[in-house]
Amino acid sequence: MSAARREQKQTDGLTPLTSFAGFSVSQKRKRDSEATPPEPQAAAESAWDVDMPMPDAGEPAAPPAIGLTLTLLGRDPTDARWVIVKEALSRPIAGGPELVKAITACGGDAAQDWDLGMLEYYLEHGLEKVVKPGYFFESVLPWMCSLVLDTHTHLRDPVPLLRQGVTGSWTCDELQAAALLAHCFFCVVPNRHAPGARRGGKKGGKKKGGKGAKSGARSAVATEEELLAGGFANANFLPLFTPPVAQVQAGLAVEKLHCFVQYFVSSYERLARAGTPPTRLQVIRTAVQDFPDWKACTVPLQTRLSVDESGCIESKIGCLQVDFANRYLGGGVIGNGCVQEEIRFLMTPGLMLARLVCECLSEEEAVRVIGCRQYSTYTGYSDTFCYVGPYDDPTPNVSGPKASLYCNVCVVAADAVNFNAYGMYPSKQFSGRFQKREVNKMYAAVSGSPSEQEAPISRTLATGKWGCGVFGGDAEFKALLQLCAAAAAGCEELIFHTYGDINLAAKLALCRDHLAANPPMIGELYRALSSYAHDSNQSAIEHVMKLL
């Protein structure tokens, strides 16, 4: 950085940007809620020498907030690892062995212990299902390499890390998103494939910034261990490239790689070959400070309850589509998991951006991602998951001047409690503590952060058996808790997907008609659920209908 530039930063009241362990820390003023949202980052000369966006001159001054930002390789052209990566990705890559060698080279000293046998197998036996190998290695892969090599032209500013206890957002466009996912593919995101990167992060997050947390409470000094212990999930694709233990996991890894390769092929054809202008994506983290007093809530329950027995959440265009999330967003998407959240990330890889920039969720937080397209179709679930083929997403853009730059998709990520985890049991979900935790979590997801959000979103919630299945949640109980949260957040409609569960669909339809004929207050429904005991002779819906 030039001396003049350093002097200018000091006169602006900012501390010079410092880096450590692959991350950097800078000070920036919080954007006022009425300020114009930032434009997507544009290309610029010497782009890494540009400060974080600052408020307009007429904007009221706000206290400085300290935030951690992800520093991608290439900021320092003399950095030893970047020199290795640049050399590896600048060479022609004509086939699978060369690609494996290039990724291994990108890993530097750490790659001495890497075994990329799964990737070798895929490139030889699986790639052709998605794309002709010649086309991939001659056109798509060189474009992916260029996205990494030209990072400084695609990403003008450091990428902010959205941390626990602080409401904030980050906006990029599709080309920038593809550049970041290319970093993940080549396993060059710093410190995100280290052992323990998914460990840590205290449940509840109150000490680290839950209720009443201040946005400036984070220390500007951090170590690699602190960052990893803070709960940033693995982002690099290394686990997918490593041979799994079980054969069924190998088959699943192939199907997952199909989806990610399809994303890069389709993105190349849209953005590079066809020259389609990239639309925007926005990741918003919401840390709620004040929740309704659920038992005393006198707001009428006006949210319509609809039941969809055979449809799927992702088909509800324009709705708030619930991601049954892991507190580490994406869960096992690059590992062995393949249930609702992982499948959604595979169909819509832009959601990986949230995994890349968001610290694990605490109890009073949720994340929403606006503008992510779907690129693949699939069949099956869990071990039977199977990539089918490419998907040309017909979803229109949101209407409105600036909003029209977004594809009309909004995914809201909310993590439910696992009542089948060690030390837990399903009946705990009916206790006051966990009932409140779950309704608060869904309220955080649905209410969002309007001041951060650039595109207007429908007030219809598309959800389903959130936290049920392997997590042991009671589907009827959880459905009505979600209805309470949606009503308190002002949703007009809740569409509940039963995924072929005929009995549940019938019970919900009866409950819908009963509540429409005898509309209660939100507090009345919540208290009825509070008095439900799982060991009774009635189901949760039968219990509520009897009381209301």
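Residues numbered from 1 in each chain as written. Predicted model: local features only at pLDDT ≥ 70, side-chain atom pairs only at ≥ 80, totals over all residues. Heavy atoms only, no water.

Points about the overall build of the chain
When you go through the chain residue by residue, the secondary structure sums to 18 helices and 14 strands. By the burial criterion, 55% of the 548 residues in the chain qualify as buried. The long-range fraction of contacts in the chain, counting pairs at least 24 apart against all pairs at least 6 apart in sequence, stands at 80%. For the chain, the exposed surface amounts to about 22500 Å²; the carbon and sulfur share of it is 53%. (Helix = DSSP H or I, 4+ residues; strand = E, 2+ residues; numbered from the N terminus. Buried < 20%, exposed > 50% of the residue type's maximum accessible area, 1.4 Å probe, protein only. Contact = heavy atoms within 4.5 Å. Areas by Shrake-Rupley, 256 points an atom, 1.4 Å probe, with all protein chains shown as cover.)

Points about the state of the cysteines
Considering all chains together, one arrives at zero disulfides under this definition. We note that Cys407 lacks a disulfide partner, and the nearest cysteine sulfur, in Cys372, lies 8.5 Å from it. In this structure Cys407 comes out as buried when scored by relative accessible area, which is 0%. (Disulfide = S-S within 2.5 Å.)

Looking at the packing of aromatic side chains
One pass over the full model with this rule turns up 19 aromatic pairs. For the ring pair Phe185 and Phe186, a centre distance of 5.2 Å and an interplane angle of 90 degrees mean the geometry is edge-to-face. Looking at Phe186, the relative accessible area reads 0%, which means it is buried. Here a set of aromatic residues connected by ring pairs shows up, and it is made of Phe185, Phe186, Phe237, Phe241, Phe260, Tyr263, Phe264 and Tyr375. Lying over the aromatic face of Trp466, Lys478 brings its terminal NZ or CZ to 4.5 Å of the ring centre. (Phe/Tyr/Trp six-rings, centres within 6.5 Å; stacked < 30°, edge-to-face > 60°. Lys NZ or Arg CZ within 6 Å of the ring centre and 35° of its normal.)

Here's the deal with the pattern of salt bridges
For the coordinates displayed, the defined rule picks out 14 salt bridges. Here Glu365 ties to Arg285 by a salt bridge, and the two come within 2.8 Å at their closest N and O atoms. Of this pair, Glu365 sits in strand β9 (residues 365-370) while Arg285 sits in strand β6 (residues 280-287), and the two are 80 residues apart along the sequence. With relative accessibility at 1%, the residue Glu365 sits in the buried group. Salt-bridge contacts for Arg304 lead to Glu493; the nearest nitrogen and oxygen are separated by 3.3 Å. Taken together, the positions of Arg304 in strand β7 (residues 304-308) and Glu493 in strand β14 (residues 493-497) put the pair 189 residues apart, joining distant regions of the chain. (Salt bridge = Lys/Arg side-chain N within 4 Å of Asp/Glu carboxyl O.)

Some thoughts on the pairing of strand β10 (residues 376-379)
Here β10 runs beside strand β11 (residues 386-390); their pairing, made up of four bridges, is antiparallel. Residue Thr377 lies in a different strand from β11, and its bridge partner there is Gly389. Linking two consecutive strands that pair antiparallel, namely β10 and β11, is a turn of six residues; a positive phi of about 85 degrees is found at Gly380 within it. (Pairing = 2+ DSSP bridges.)

Section: the packing of helix α2 (residues 80-90) against helix α5 (residues 133-149)
Helices that pack against each other are described as a pair by the angle of their axes relative to one another and the distance between those axes. Two elements in contact, α2 and α5, have axes whose closest approach is 10 Å; the angle formed by their N-to-C orientations is 160 degrees. When the interaxial angle is binned, α2 and α5 end up roughly antiparallel. Here α2 runs over α5; the crossing is left-handed. Contacts between α2 and α5 involve Trp82, Val85, Lys86, Leu89 and Ser90 from the former and Cys145, Val148 and Leu149 from the latter. Residues that form the contact of α2 with α5 fall into these classes: six nonpolar, one polar and one charged. (Axes fitted to C-alpha atoms, helices over the stretch in contact; angles between N-to-C directions. Parallel < 35°, antiparallel > 145°, perpendicular 65-115°, else oblique. Left-handed = near helix turned anticlockwise from the far one by under 90°. Nonpolar A, V, L, I, M, F, W, Y, C, P; charged D, E, K, R; others polar.)

Looking at the sheet that holds strand β12 (residues 410-415)
The sheet built from eight strands is open, its strands ordered β5-β6-β9-β12-β8-β13-β14-β7 with mixed pairing. Edge positions in the sheet fall to β5 (168-173) and β7, since each has one partner strand and no second. Ignoring which end each strand starts from, the neighbouring axes of this sheet average 20 degrees apart. Sheet topology places β7 next to β14; five bridges connect them, and they run parallel. By the bridge assignment for β14, Leu305 is matched with Leu494. Most of the contacts of helix α12 (residues 340-347) go to strand β8 (residues 320-325), to which it runs at about 125 degrees, and overall it touches β8 and β12. Sitting on the sheet, helix α15 (residues 475-488) is in contact with β7, β13 (460-464) and β14, with an inclination near 160 degrees to β14.

Let's talk about unusual backbone geometry
Residue Ser382 is not a glycine yet carries a positive backbone phi of 60 degrees. Despite not being glycine, Tyr499 has its phi angle at roughly 50 degrees, a positive value. Along the polypeptide, Tyr499 turns up in the loop between β14 and α16 (502-517). On the basis of relative accessible area, Tyr499 is assigned to the partly exposed category, the value being 42%.

Side note on the packing of helix α4 (residues 117-125) against helix α11 (residues 247-273)
At a minimum axis separation of 10 Å, α4 and α11 run at an interaxial angle of 65 degrees. Considered as vectors, α4 and α11 are oriented roughly perpendicular to each other. Both α4 and α11 take part in a crossing whose hand is right-handed. Along its contact with α4, which presents Met118, Tyr121 and Tyr122, the element α11 presents Ala250, Ala253, Val254, Leu257, His258 and Val261. Each residue belonging to the contact of α4 with α11 can be placed in one class, and the counts come to eight nonpolar, one polar and no charged.

Structural notes on empty space enclosed by the protein
For the structure shown, the criterion picks out three cavities of 30 Å³ or more. In this structure, the second largest cavity spans a volume of roughly 70 Å³. Considering the residues around the second largest cavity, the lining is formed by Glu174, Ala177, Tyr263, Ser267, Leu271, Leu281, Thr348, Gly350, Gly371, Cys372, Arg373 and Tyr375. Of all the elements in the fold, those that place two or more residues in the lining of the second largest cavity are α7 (174-185) and α11. Looking at which element gives the most residues to the lining of the second largest cavity, the answer is α11, with three residues. In terms of residue class, the lining of the second largest cavity is made up of six nonpolar, four polar and two charged. (1 Å grid on protein atoms, 1.4 Å probe; cavity = no way out; pocket = protein on both sides within 12 Å on 5 of 7 lines; lining within 4 Å. Points joined across faces, edges and corners; volume = space filled by probe spheres on them.)

What to know about the confidence of the model for the chain
Any region with low pLDDT has predicted coordinates that should not be read closely. Per-residue confidence for the chain gives a mean pLDDT of 82; residues scoring 70 or more make up 79%. For residues 1-66, every residue scores under 50 in pLDDT, and the model assigns this stretch 133 contacts once sequence neighbours within four places are set aside. Here residues 193-224 is a poorly scored stretch, pLDDT under 50, and it has 69 contacts once near neighbours within four places are set aside; other chains count. (pLDDT = per-residue confidence, 0-100.)

Observations concerning α15
Taking 1.5 Å per residue, 14 residues should reach 20 Å; α15 reaches 20 Å between its end C-alpha atoms and fits that length. Taking burial as the measure, the 14 residues of α15 include 13 buried ones, the bulk of the element. At the N-terminal boundary of α15, the capping side chain belongs to Asp474, with an oxygen 3.1 Å from the backbone nitrogen of Glu476. After α15 finishes, the residue Gly490 shows a positive phi value of roughly 85 degrees. (Expected span 1.5 Å × (residues − 1). Polar contact = N/O pair within 3.5 Å; in protein donor to acceptor, adjacent residues only side chain to side chain.)

What about the side chain of Glu438?
With respect to the element layout, Glu438 can be found in helix α14 (residues 432-447). Leaving out residues up to four positions away in the same chain, Glu438 has contacts with Ala416, Val417, Phe419, Trp466, Lys478 and Leu481.

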